[in-house]
Each structure stands twice: as structure tokens, then as C-alpha cells.
Amino acid sequence: LRARAPLRGAMGNACPHRTPAPAAKPNVVMVTAQEVRENGWLIIFGKVYNVKEYLGKHPGGADILLSVVGRDATVEFETMRHSQLALNQLEQLLVGVYDSSRSDAEMTDKSAHGNPKKLGLTGGRLTQKEGLQEKLWDVGERGFLPAVNPVKELPAPWDELVKIMDFVPSYSVQGRFREIADSELQDLPSSRQGIEEATKDLSEGELECLHSVLGYVCLAYIHSPPDVYEQDADETVNIMGRLESAELRLPKWLSMPWLSVSQTLGRRPMLDYAGCVLNNWERIDPERPLKPSNLRLLRRFTGLVDEEWFFKTHIIIEAEGSHVVSSLVAISNAVQSNDERSLLEELRSLEENLWRLSSVCLPIMFARSPQDHSLLCEPFLFFFRLRAYIKSVDVKMVGEDDELEEYHLHGPSGAMSTILPSVDALLGIRNTSANLREAVKTFENYVPRDHRDFLDHLRNAPESVKSFIESRRHSIDEGTWFALAAAFNSCISRVLDFRWRHWSFVEQFIVRPSSSKAAASASASVCPMMERERSERPQPVGTGGTTFDYLQQHITDSQMARIPLGVVEMSLLKTPEVAKIFRPQMPNVPLLDGSLWDVGGPNGFVANRDGLLPGWGPFFQGPFPGCEALQQLVAMIPTFCFTYPGLEHVEENRGFAHPFVSKCEALKEPLLELSAVAATMGILDLEHCWLLLSFVVSAYHTANRTVAPLAATCPVTGSAGAQCPAKGKPTEALRETALRLLPDWLKSIVLHFEVLAGREWHGAPEYSELVLNNWKIHPKDLAKLKDDFVLSRDTVH
């Protein structure tokens with residue numbers, strides 16, 4: 001928790017415009033909402049700016065600014081993560097401070113037709129009843145999401161894969177996943193005949209679930225957690241801190257099922273976009289729509305909220321993309337039937353649906369916690385923790401003839417989504433980059449067949465929308481033609497808006513964290529690996545394995561797709577920023593034998609005994625009844641960890657059991673048995689149980705909480721409904737509130753251990769549980785326990 005603070009500072013999250021608007025003073029101009037609308041100004045973090053003279057200078061083109069004038073553009077501005085130079089230029093355009101107290105109407109976005117657009121999600125299109133669709137990937141009511149809810153369970157023998165997914169985050173971070181997999185999964189079918197026999201009765205949904213689970217398990221097997229902080233100076237490592245010469249290999253009992261299932265589905269053996277996004281979700285309340293507060297991932301690598309939020313954003317984009325798909329089908333029908341009136345109507349509908357993707361869905365990626373305003377998906381954690389698992393990989397697999405064959409596999413990428421390629425195909429946006437065309441063709445091997453067929457149908461249409469409108473320049477009424485051309489160009493503007501925002505994501509999540517150049521800006525890289533002085537570094541690439549040069553070309557291609565109306569188009573300019581590099585120094589602390597909390601030795605306040613106690617482990621064993629259940633629950637926390645996003649009121653989620661709550665309830669009896677024998681424990685076992693219990697109870701409390709009335713207004717954001725981090729509650733009040741949210745049986749366990757441990761639980765693990773007593777020595781270092789042994793990142797876990 002403490003380690004994330006410098007990351008946020010380095011990322012530049014503390015925007016100088018994020019401070020509250022100053023109180024009215026004689027020399028401060030207060031501007032009303034009506035004045036903002038009438039003058040075409042815009043509001044950013046409570047300040048009003050006049051961008052009229054800056055339209056021709058804006059690097060992203062005038063269209064982006066024109067789409068937000070007359071309203072609050074804070075969401076759009078923060079999404080793009082502007083440079084310090086841009087912030088300085090913005091200050092020169094300042095008009096005054098927005099007077100929210102005199103606002104006579106809600107600041108809403110408006111389309112070109114004057115209809116107000118609410119900055120909100122629709123939850124996707126209404127779904128049909130399960131079982132009505134013939135195929136899982138029918139492009140219909142749900143767009144490119146599966147026609148029915150993703151499968152969560154598999155029959156034997158594949159159920160072992162589903163079971164081990166509950167522990168992937170814990171085992172992976174401990175570096176033990178390969179050991180566990182070798183022990184638990186070697187009995188999986190590994191012959192062609194055995195695999196065919198075990199999969200012949202599986203439905204398409206079950207095959208897709210199996211393909212996704214195999215992708216997660218296989219990538220977790222070949223990838224260990226990246227260690228970018230400490231490497232020997234003479235080692236040649238890549239940008240992720242791994243040995244360049246390391247060979248990645250899968251055993252036959254994993255590679256054969258993966259290859260076989262992939263072949264059956266007509267896709268490559270890799271965790272693709274369908275496996276980690278399209279078919280990797282469940283709704284908390286099955287009756288409510290797909291929105292961030294009603295959504296969780298089925299499978300994950302790290303258990304970090306950042307991973308949950310990263311993939312959740314893509315799922316929301318696909319859910320809202322169902323409206324885009326509906327518009328595409330209607331537009332295609334209008335073109336085929338030569339119906340200009342319906343075409344105009346549907347183009348306007350498409351423009352609004354694309355606007356929702358770019359202006360509502362994409363900013364979700366940069367959403368912040370309502371508690372402390374920190375990013376829910378930190379770009380540096382994505383790059384150095386999650387991306388290590390999902391990037392492209394060269395791996396050797398053992399086939400049926402026991403021969404090794406090397407595969408180059410592309411990681412899941414947003415480029416594997418079919419939404420934007422379908423829009424390009426129908427509108428007539430050309431792809432002039434040969435490299436991009438080749439990459440797109442490669443990515444299509446990772447896309448479900450039905451999605452490919454839908455895309456090919458649009459590509460093979462007799463004419464695109466652009467050619468349809470251009471060919472009727474002189475054959476239809478002039479007013480109708482200009483209306484069609486203007487509606488078409490509005491759709492192009494929304495496509496450009498989406499691609500510019502996507503480029504901003506690329507900058508934040510890949511370019512900046514991987515930059516090797518020093519920069520004096522606040523967005524410097526914090527990765528110590530960047531300090532390695534090497535003449536050449538790999539060019540940054542996406543998870544799909546492609547470089548980003550083509551993105552600029554694709555933006556230019558989209559710009560050129562507009563139908564000329566006699567208006568001079570603005571050129572597109574964009575200059576990516578680079579990051580500054582530094583490495584923090586970490587002191588070594590000697591190890592001391594003695595009593596657990598003796599502060600007189602070299603360890604100071606750190607516990608004097610590591611967590612590898614006699615009788616505990618190496619798996620879930622323990623010296624007392626209930627130890628196994630307690631350890632299992634701790635290992636499940638990363639898998640079932642997700643927080644309410646703050647984008648919607650969590651009151652809507654009351655009454656629905658969180659998955660982790662269900663796990664705790666199922667292990668109620670063993671935990672009560674553990675509590676019954678707690679008084680007989682020695683100090684080491686007692687402190688270890690208290691450590692584990694504090695994590696389990698805190699996770700239960702977070703998952704099962706009901707929301708108390710929120711503060712009226714947050715002084716940081718000025719918005720209602722978010723508890724300001726500067727206004728803390730009294731410690732005793734927090735404790736009483738937290739205890740009230742626990743069931744009686746769990747509350748009794750906590751109170752009993754509090755008496756024995758001599759410390760109270762206040763709703764979250766304390767510093768002693770998070771840091772001082774939360775470490776162990778790796779088994780490989782046990783032999784080094786000599787006078788010169790030190791605690792370091794190498795030896796302590």
C-alpha cells in the first residue's frame with residue numbers, strides 16, 4: 001500500500017488543476033454555466049477557459065476541442081493525461097472560475113442535433129433468453145460478447161484446472177505455481193485419443209471456458225513473477241528484467257490439451273482477447289445490466305484491483321459496443337435497400353453510440369477510487385506486473401510424438417476486438433499500412449470464427465457507406481446529400497476521438513513505463529530496470545507484439561476518410577512524451593534470533609522470526625484444526641478481490657453474496673474449531689494465526705460491507721457521494737462499524753483472538769500484520785543463515 005504512493009506522484013496524478021476552485025475574491029472572475037454555453041468556453045477542474053484562439057494549434061485537431069466546448073470537459077481532459085507544457089499553455093487561456101452555485105442547468109454534452117447526452121452507461125443491449133441462440137459467438141443482441149453468460153464450471157477431468165485458478169494469484173506471486181501444477185495437473189489427458197474422449201461431450205461454451213482456463217494456467221506456468229528491482233550487473237536481461245536466453249517450455253500434459261482445444265475452436269493456442277475479456281466475466285446480480293459495479297472477472301493472474309479494472313474496462317466497452325453493432329447492421333441494410341432517409345437516421349445513431357465508447361467507456365480506465373482518489377488501474381503496475389503474463393511469447397510445446405515445436409504466440413490485445421475493424425469496413429476507412437494489414441490478418445487467427453465471418457461480410461459488401469454517399473452527390477437532393485455527408489463525417493470524428501484516446505492509453509500504459517530516456521517531467525518512470533545503461537533497448541510493443549508506428553498512420557487514414565465539404569481539414573500532430581529514470585536505494589537489515597517482538601536487536605521493530613514456522617506448510621498444513629481452512633482463504637483473497645468502483649452507488653449491490661463471503665461461510669466450522677484451541681497456542685503460532693485472520697476478516701468485511709451515508713461534498717473533488725480521505729473517522733467508530741458488518745460467528749472469532757493477541761482489529765490489517773510480521777525467508781536461502789546474512793528483496797518474501 002505504501003509503495004503505490006511514489007508511483008502515483010511520478011505518474012503526475014496530482015494535476016495542478018485538480019485543486020478546489022478558489023473562493024470568490026474581488027479580482028477573481030466568476031463564470032456561470034450560461035456564460036460558458038453562450039461563449040463556447042469549457043470547464044476543467046472548476047476553472048473556465050477560452051480555447052477559441054487555440055483551435056488551430058491543438059495537436060489533436062480542432063474537432064476534439066469543438067466537441068467539448070460549452071460544457072465541463074474535465075473527464076476528457078484528464079483522460080488524455082496532458083504534458084506539463086500543455087498545462088502551462090492552458091493557464092494562458094484562463095477566463096475565470098466556474099460558479100457552480102449559480103448554475104441553472106446541468107452541464108451535459110450535446111450531439112450535433114442538440115439532443116443532450118448523459119455521461120452514463122446503458123449496460124449494453126437487453127439480452128435474449130439463454131438457449132435461443134444457435135451459436136455462442138452469434139453477433140446479435142450482445143454485440144461481440146458471447147450470446148449466453150460465460151461458463152464457470154467444467155466436468156472432470158478439466159475441473160482440476162478450474163479449481164487451481166482460485167489460487168493462481170497467490171501461487172504465482174510466491175513463485176510456486178509450476179511446482180503446484182506439476183503436482184496437481186499431471187493426470188490431465190495428454191494423448192490425442194484421451195483428449196478427444198474428454199472433450200467430445202463439451203458444449204461450445206465449455207470448450208471456450210476450457211480454452212481460457214488453459215491459457216491462464218499455461219501462461220502462469222511458463223512465467224514467473226517479474227523481478228525488475230534487483231538483477232546482477234553482468235546479466236543480460238530484457239526490459240522486463242528476465243534473462244534473454246531463458247527458454248519457455250510447456251510439458252505434454254499442458255501443451256497437448258491446449259493445442260487440441262485451440263484446433264477444435266479454430267484459433268491459436270494462446271490466451272486471446274476472447275479468453276481474458278469477452279468470455280471472462282460474471283454479473284454479481286444476474287438480473288442487472290453489465291456495469292462496473294455489477295461485474296467481476298472469473299479468472300486473473302495477479303489478484304490486483306488494477307488487473308480487475310483493466311479488463312473490466314474492456315468488457316464494458318464490448319457491452320456498450322452492442323449498440324454500435326446494432327447500428328452497423330441497420331446501416332448496412334439501409335445501403336443495400338438504397339434508403340437515404342434510414343441511412344441518415346442510423347448514421348446519427350452510430351455517431352452517438354461511438355461517442356459513448358470514446359467519451360464514457362474509455363475514461364473508465366482512468367477512474368479513481370472514491371476513498372483516496374488513486375487510480376484504480378495504475379499504468380506502472382499494469383506494465384510491470386500484469387503485462388509480464390499477457391505479452392507475446394515464444395514457447396516450445398511437446399506434441400503427441402514427444403517432439404518439441406516452437407510457437408510464436410501473440411498476447412491478448414485490444415486490436416483483437418472486432419468493434420473498430422467493423423466500423424472501418426462499413427464506413428470505408430482504408431488501411432494504407434501494409435504492416436498494419438498484416439498484423440490485423442494475424443490477429444484474426446485469435447478471433448472467434450463468427451466474428452471473422454461478420455467482419456468479412458462487411459468488407460465484402462458491394463460498396464462502403466462513403467462510396468454510397470459520394471456516388472449520389474448529384475443524384476439526390478442537395479440538402480439530403482449534405483446532411484448524409486455531415487452525419488458520416490461526425491461518425492469519422494468519433495472514430496478519431498476513440499483512436500486518439502486509445503493512443504493516450506498506449507502512452508500511459510506502455511510507452512512511458514518502457515521509456516529509456518530521462519525527462520524532467522513529473523511523469524518519470526519509477527522502474528529501476530530503466531537505469532541499466534545499454535546502447536539499445538527493444539522498441540516498446542503492445543501485448544499483441546506489434547509496435548505503435550501504425551497507430552499514427554491509422555489515425556491519419558481515419559482523418560482522410562472524411563467526405564470533403566469545402567472545409568480545410570486540420571493536420572494531426574502528436575508527440576509522445578518520455579519518462580525520467582531513477583532507482584531508489586533500499587537498506588539491508590540483519591536477521592536476529594530471539595523473542596518475536598524484541599526491539600533491542602538489529603531488526604528493530606521488525607519481527608525476529610520469519611513466517612515459515614514448524615508445522616506450517618509447505619501447502620496448507622498447520623499444527624491446529626482449522627489452519628488449513630484459514631490458509632486456503634488467505635490464498636483465495638487475490639482471486640476474489642474486487643472493489644466497488646465508485647462510479648455507481650454501491651447501494652444497488654445490497655443483498656448479493658460476494659464470492660469471497662460464500663467461501664468463508666463454507667469454511668465456518670473449521671474456523672470455529674481453530675478459535676476454540678487458540679488459547680493453547682504459543683506466541684509464534686498465535687501471532688501467525690492473527691496475521692492470517694486479520695487478512696481474511698478484512699477481506700470479508702470489504703466484500704460484505706453495506707454503505708453508510710456518504711459525506712455531502714468532498715473538498716478535493718467538490719462532488720457529492722465520496723468520502724474525502726482528509727476527513728478520517730475516529731478509530732473506535734471505525735472499529736464498531738467494521739464489527740457490525742461481520743456475522744456473529746466471525747465476530748466472536750475476532751474478539752477472541754483480539755484478547756489473546758493483545759491488539760484490536762479496526763476493519764483492516766494493521767502495520768504489524770502488513771509489514772512487520774508479514775515476511776519469510778525463501779527456502780533456497782535457509783542455508784545462508786550465517787553472520788553475513790541480510791534481509792533484502794532477494795532473500796525475503
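By convention here, each chain's residues receive numbers from 1 onward along its written sequence. For a predicted model such as this one, the threshold for reporting local features is a pLDDT of at least 70, and the threshold for listing and counting side-chain atom pairs is 80 or more; totals across whole chains, interfaces and linings nevertheless cover every residue. The side-chain figures draw on all heavy atoms in the structure; neither hydrogens nor water molecules are used.

Moving on, we get to the overall build of the protein. Counting from the N terminus, the helices are the DSSP runs of H or I reaching at least four residues and the strands are the DSSP runs of E reaching at least two. When its secondary structure is counted, the protein shows 28 helices and 13 strands. Note on exposure labels: buried denotes an accessible area under 20% of the residue type's maximum, exposed denotes more than 50%, and partly exposed covers the range between, all computed with a 1.4 Å probe on protein chains only. In the protein, buried positions account for 53% of the 797 residues. Sequence separation of at least 24 residues holds for 77% of the intrachain contacts in the protein that already meet a minimum separation of 6. Whether two residues touch is decided by their heavy atoms; if any such pair falls within 4.5 Å, the residues are in contact.

The next point concerns the side chain of E687. Among the structural elements, E687 can be located in helix 25 (residues 683-704). Residues within four places of E687 in sequence aside, it is in contact with L596, W597, A757, R759 and N773.

Moving on, we come to the environment of L207. If you trace the backbone, L207 turns up in helix 10 (residues 204-222). On a C-alpha basis, the gap between L207 and L265 in space is 7.8 Å, while along the polypeptide they are 58 residues apart.

It is worth spelling out the sheet that holds strand 4 (residues 94-98) at this point. Here, strands pair whenever DSSP counts at least two bridges between them. Reading across from one edge, 1-4-3-2 is the order of the four strands in this open sheet, with mixed pairing throughout. This sheet does not close on itself; its edge strands, each paired only once, are strand 1 (30-31) and strand 2 (42-44). Here strand 1 pairs with strand 4 via two bridges, running parallel. In the sheet register, V31 faces strand 4, and the bridge partner there is Y98. A fitted line through C-alpha atoms represents every axis, and for helices the fit uses only the stretch in contact; the resulting angles, taken between N-to-C directions, go from 0 to 180 degrees. Seen against the sheet, helix 5 (residues 84-91) touches strand 2, strand 3 (47-49) and strand 4 and runs at an angle of roughly 85° to strand 3.

Attention now moves to the environment of L381. Residue placement: L381 occurs in helix 15 (residues 379-390). With 132 residues separating them along the chain, L381 and P513 place their C-alpha atoms 9.5 Å apart.

Note the cis peptide between A156 and P157, where omega equals 5°. Of note, P157 is situated in the loop between strand 6 (116-117) and helix 6 (159-165). Positioned with a positive phi, N338 is a non-glycine residue whose angle comes to about 60°. You can see N338 is positioned in the loop between helix 13 (305-336) and helix 14 (340-361).

A word on helix 11 (residues 252-265). Since the α-helix turns once every 3.6 residues, residues separated by three or four places project in the same direction. Spanning 14 residues, helix 11 covers 20 Å between terminal C-alpha atoms, matching the ideal 20 Å at 1.5 Å per step. Counting buried positions along helix 11 yields eleven of 14 residues, so the element is predominantly enclosed. Residues W253, L254, S255, M256, P257, W258, L259, S260, V261, S262 and L265 constitute the buried set of helix 11. Helices are assigned an expected span. That span is 1.5 Å times one less than the residue count.

It is worth spelling out the pattern of salt bridges at this point. When a carboxyl oxygen of Asp or Glu lies within 4 Å of a side-chain nitrogen of Lys or Arg, that pair is called a salt bridge. The tally for this structure, following the rule as stated, stands at 23 salt bridges. Of the charged contacts, one joins E352 and R356 as a salt bridge, the two residues approaching to 4.0 Å between their closest N and O atoms. On the criterion of helical spacing, the pair formed by E352 and R356 is a turn pair, its members being four residues apart in helix 14. Exposure remark for R356: the relative accessible area of 13% places this residue in the buried category.

Rolling a probe over the atoms, with the probe sized like a water molecule, indicates the empty space that remains. We place a 1 Å grid over just the protein atoms. Points where a 1.4 Å probe fits but has no way out form a cavity, open points with protein on both sides within 12 Å along at least 5 of 7 lines form a pocket, and any residue with an atom within 4 Å of a point lines it. Grid points are joined across faces, edges and corners, and a volume is the space filled by probe spheres set on the points. Applying the stated criterion across every chain, the model contains five cavities of 30 Å³ or more. Of the volumes computed, that of the largest cavity is approximately 90 Å³. Lining the largest cavity are A415, M416, S417, T418, P421, V440, F443, E444, V447, R452 and L455. When contributions to the lining of the largest cavity are tallied by element, the ones reaching two or more residues are helix 17 (434-443) and helix 18 (449-459). Space inside the second largest cavity adds up to approximately 70 Å³.

Take the nonpolar core next. Within the largest apolar cluster, 174 residues are counted, with the highest numbers of intra-cluster contacts made by L343, L347, L427, V465, I469 and F660. Of the residues forming this core, the biggest block, 17 residues, is contributed by helix 20 (residues 478-514). Those residues in contact with I469 that sit more than four places away from it in its chain are L343, L347, W481, L484, A485, F488 and I563. Put simply, a nonpolar core is a bunch of buried Ala, Val, Leu, Ile, Met, Phe, Trp, Tyr and Cys residues held in one set by side-chain atoms that sit within 4.5 Å of each other. If you look at the next biggest cluster of nonpolar residues, it comprises 15 residues, including F45, V51, Y54 and L55.

Moving on to the sheet that holds strand 11 (residues 404-409). Read across the sheet, three strands follow the order 7-10-11 without closing on themselves; strand pairing throughout is mixed. Sheet topology places strand 7 (249-250) and strand 11 at the edges, where each strand pairs with a single neighbour. Against the sheet, helix 11 engages strand 7, strand 10 (393-398) and strand 11, with an angle of about 105° to strand 10.

Looking at the protein as a whole, its pLDDT mean stands at 77, while 73% of the residues score no less than 70. Across the chain, each position has a pLDDT score giving the predictor's confidence in that residue, from 0 to 100. Low pLDDT, under 50, characterises residues 103-116; the predicted model gives this stretch 29 contacts beyond four residues in sequence or across chains. Within the model, the stretch residues 706-729 combines pLDDT values under 50 with 38 contacts to residues more than four positions away or in other chains.

Here is the rule: rings of Phe, Tyr and Trp (six-membered ring for Trp) pair when centre to centre is within 6.5 Å. Planes less than 30 degrees apart are stacked, more than 60 are edge-to-face, and the remainder are tilted. One pass over the structure, following the stated rule, counts 16 aromatic pairs. On the basis of an interplanar angle of 80° and a centroid distance of 5.4 Å, the ring pair of F382 and F509 is categorised as edge-to-face. With F382 in helix 15 and F509 in helix 20, this pair connects stretches of sequence that are 127 residues apart. In terms of burial, F382 and F509 fall into one category: buried. Taken together, the aromatic side chains of F310, F311, F366, F382, F505 and F509 make up a single cluster linked through ring pairs. Definition used: whenever NZ (Lys) or CZ (Arg) falls within 6 Å of the ring centre and also within 35 degrees of the ring normal, the charge is taken to sit over that ring. Over the ring of Y221 we find R178, and its NZ or CZ is 4.8 Å from the ring centre. Taking the ring centre of F468 as reference, the NZ or CZ of R472 above it sits at 3.7 Å.

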